[in-house]
Amino acid sequence: MPYAAGKFAWAICARCSLRFKYLSLVTEPETFYRVCRSCLDEPMPKKRAKVDGVPLRNPRPDGEG
Ligand SMILES: [Zn+2]
């Protein structure tokens, strides 16, 4: 397929909105956004699943009651 090589094209990072060379952007596996390398290394700023403090359903140890 005659796709353009993108050698001289510019692209906008989906995270930091800065302009980068098209070929320097990478596709983020989770979101399929086109992001720059530095943004790809950063953790996602979205809601973080906090696992701490999950209440126990039955806190009584075995053998009681
Ligand atoms: Zn970026």
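Summary of the structure given here.

## Thoughts on the coordination of the zinc ion
In step 1: With distances of 2.2 to 2.3 Å, the protein atoms coordinating the zinc ion are Cys13 (SG), Cys16 (SG), Cys36 (SG) and Cys39 (SG).
In step 2: Every donor counted, the four donor atoms about the zinc ion form angles of 100 to 119° at the centre, which fits tetrahedral coordination.
In step 3: Every donor residue of the zinc ion comes from the same chain, spaced as C-x2-C-x19-C-x2-C. Here Cys36 lies in the loop between strand S4 (34-35) and helix H1 (37-41) and Cys13 lies in the loop between strand S1 (10-12) and strand S2 (19-21), a separation of 23 residues in the sequence. By the burial criterion, Cys13 is buried, and Cys36 matches it.

## Description of the environment of Glu28
In step 1: Structurally, the position occupied by Glu28 is in the loop between strand S3 (26-27) and S4.
In step 2: In this structure, the C-alpha to C-alpha distance between Glu28 and Cys39, residues eleven residues apart in sequence, is 9.3 Å.

Cut-off values and rules
Residues numbered from 1 in each chain as written. Predicted model: local features only at pLDDT ≥ 70, side-chain atom pairs only at ≥ 80, totals over all residues. Heavy atoms only, no water. Donors = N, O, S within 2.8 Å, 3.2 Å for Na, K, Ca; no water. Tetrahedral: all angles 85-135°; square planar, octahedral: opposite > 155°, others 65-115°. Helix = DSSP H or I, 4+ residues; strand = E, 2+ residues; numbered from the N terminus. Buried < 20%, exposed > 50% of the residue type's maximum accessible area, 1.4 Å probe, protein only.

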